[in-house]
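# Structure at a glance
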Amino acid sequence: MIAAIATTPFEGQKPGTSGLRKKTPVFQQPRYLENFVQAIMDCLEGFEGATLVVGGDGRYFNREAIQIVLKIALANGFGRILVGQGGVLSTPAASNLIRKNRAFGGIVLSASHNPGGPDGDFGIKYNVGNGGPAPEKLTDAIYERTKTIAHYKILEAPDVDVDTLGTVRLGGGEIEVIDPVSDYAELMRGLFDFERIAALFRSGFRLRFDAMSAVTGPYAIRIFEELLGAGAGTVMNGTPLPDFGGHHPDPNLVHCKHLLDLAMTPDGPDLCAASDGDGDRNLIIGRGQFATPSDSLAILAANARLAPGYAGGIAGIARSMPTSRAADRVAQGLGVKLYETPTGWKFFGNLLDAGLATICGEESAGTGSNHVREKDGLWAVLLWLNILAARGESVKAVVVSHWARYGRNYYSRHDYEEVASDGANALVKALREGLPAFKGKRFGGLAIASADDFSYHDPVDGSDSTHQGVRLHFEDGARIVYRLSGTGTEGATLRVYIERFEPDPAGQNLETQEALAELIALSREIAQIERYTGRAAPSVIT
Ligand code: G16
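An unreviewed UniProt entry lists the protein chain under the name phosphoglucomutase (alpha-D-glucose-1,6-bisphosphate-dependent), with Methylocapsa palsarum as the source organism.

Strands sit in the order β16-β15-β17-β18 across an open sheet of four strands; the sheet is mixed. The outermost strands of the open sheet, each flanked by one partner alone, are β16 (337-341) and β18 (366-369). Averaged over all adjacent pairs, the angle separating strand axes in this sheet is 15 degrees, with direction ignored. Here strand β15 (residues 316-320) pairs with strand β17 (residues 359-362) via three bridges, running parallel. Paired with R319 across the strands is G361, a residue of β17. Docked against the sheet, helix α10 (residues 293-303) engages β15, β17 and β18, running at close to 170 degrees with respect to β17.

What follows is about the sheet that holds strand β4 (residues 80-88). With mixed pairing, the seven strands of this open sheet are ordered in space as β2-β6-β5-β3-β4-β9-β8. In this open sheet, the two strands that pair with only one neighbour each are β2 (20-23) and β8 (166-170). Pairs of neighbouring strands in the sheet enclose a mean axial angle of 20 degrees, with direction left out of account. One ladder, built from five bridges, connects β4 with strand β9 (residues 173-178); its direction is parallel. Paired with I81 across the bridge in β9 is I175.

What follows is about the site of the ligand. What surrounds the ligand is a group of 19 residues, the closest being E362, R483, G486, T487 and R495. Between the ligand and the protein, one listed contact pairs an oxygen atom with a side-chain N or O atom of S364 at 2.7 Å. Residue R495 places a side-chain N or O atom 2.6 Å away from an oxygen atom belonging to the ligand. In isolation the ligand offers 460 Å² of accessible surface; the protein chains occlude 99% of this area.

Among the structural elements, V177 can be located in strand β9. What V177 contacts, discounting residues up to four positions off in sequence, is V83, G84, Q85, D161, V162, T164, L165 and G166.

Another point: helix α7 (residues 194-202). Because each turn of an α-helix spans 3.6 residues, side chains separated by three or four positions end up pointing in the same direction. What α7 keeps buried is the set F194, I197, A198, L200 and F201. Along α7, the residues classed as buried sweep out an arc of 150 degrees about the axis, all on the same side. Along α7, exposed side chains directed more than 90 degrees from the buried face belong to E195 and R202. Close packing links the buried residues of α7 with α6 (182-191), β10 (207-210), α8 (216-227) and α13 (377-391). Once α7 finishes, G204 follows within two positions and takes phi at roughly 110 degrees, a positive value.

Rules used throughout
Residues numbered from 1 in each chain as written. Predicted model: local features only at pLDDT ≥ 70, side-chain atom pairs only at ≥ 80, totals over all residues. Heavy atoms only, no water. Pairing = 2+ DSSP bridges. Helix = DSSP H or I, 4+ residues; strand = E, 2+ residues; numbered from the N terminus. Axes fitted to C-alpha atoms, helices over the stretch in contact; angles between N-to-C directions. Contact = heavy atoms within 4.5 Å. Near = heavy atom within 4 Å. Polar contact = N/O pair within 3.5 Å; in protein donor to acceptor, adjacent residues only side chain to side chain. Areas by Shrake-Rupley, 256 points an atom, 1.4 Å probe, with all protein chains shown as cover. Buried < 20%, exposed > 50% of the residue type's maximum accessible area, 1.4 Å probe, protein only. Arc of directions from axis to C-beta.

What follows is the structure in structure tokens.
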């Protein structure tokens, strides 16, 4: 039976960079999730009888939330729902399923790299029919709808068994519980030279992959250990846990310091890698060599041809604005176009759909291609493996020869996390107001050539996105970018992105923070970070 339940709006159900993310107890309030799911339904048209893909990263509250989503989606008229066994799907796997099944869209329950558990974070986002995150036009409409919502429709039925594979009929529709891994593994097999990668492992190559007790464990075990023969024990923390084992499933050098330490030992694994809560981010560290996400994007794009799925070459490269400009040089070298978009994977969707870009990436540890419409952590590891197998070289050799050919973009991101929102907003406002005065300003040996607040004009649908980050370009090609994170759940997080280009191989061996020291000091001085945030130093440096 379908019930229409009266409700009243909750404040602040505004999707950020990637869906609605809040503390778990916020989502656990009665009607909170229901309101948001109904608001999504109210903003969609023509889905009667259509297919919806549903899954989450398995974090705390995932199981309860899945039931609510299933019952509201069926009550609103979806005809068929594909749900991952146990309510689990990695974000790229969900994107693949939407595309493969020509589904109307999908609902992904995840707060990505944010911690999980009763006091952690929870999240939800809607993906459209191309498999990618909903564009801003739709997320804005959903937010508007949450402000006026007065009732939601829900199927009154016992909970659906999402642990047993197979199809159950419910309320005039059907729910199909599917293996979350098999379609995704098939997709990867079609893109990469599995034979060659398996031969690499047989030759003694050692991979250590940390699934961080998050969603990628079952995917990584199936692909690396079972299909590619990487050997038992290759995957660590391979069992998904609701609280990620109390860890922060963010694959960066802070939360994966153990991998960095391992990779820096002389007899460490050839490749250490990790993924995040929902499987769309990646970390790549070769023995003795970390590849920054920005460098990794550039190197993957430059070498993509070595993998069967990209043997015909790539059409273009897209990167988010704060991502280093290492990929720009590769695009130039390949004679393809480089697209600079705002932060948020959703901005790549149109470029991929239109065939303008093939490889996309972000400094926030996301890389991907036109195979799905989300970033894809395991895809990045597999492309690296394919490249290493084809070139017969180490990660370090590949990175160093890349710099020698294209130059090195020293790059670092400084995060001032959970600062007071008022101070952070005032800082950004002051920067924006100061823009006209920045041009030509000198700081020691550095002079600002241009300064702006980044805006993006989508070449495919003509939409404009403004206020996407303050950029200071220096005369020597260096750059400092400031923006506020759109994925945090507490206060504000100021991100400062610092970059300088070094064409000379003789100058490419410095430690990153040392190489950027002058710009780092300047980044604090120009924005008066301590004055506005009370912080003399960042909380996370990546
Ligand atoms: C999300 C988005 C990414 C974005 C990242 C960081 O990643 O999908 O496009 O780069 O957040 O965004 P912000 O700097 O606003 O915090 P994920 O992995 O959290 O879904």
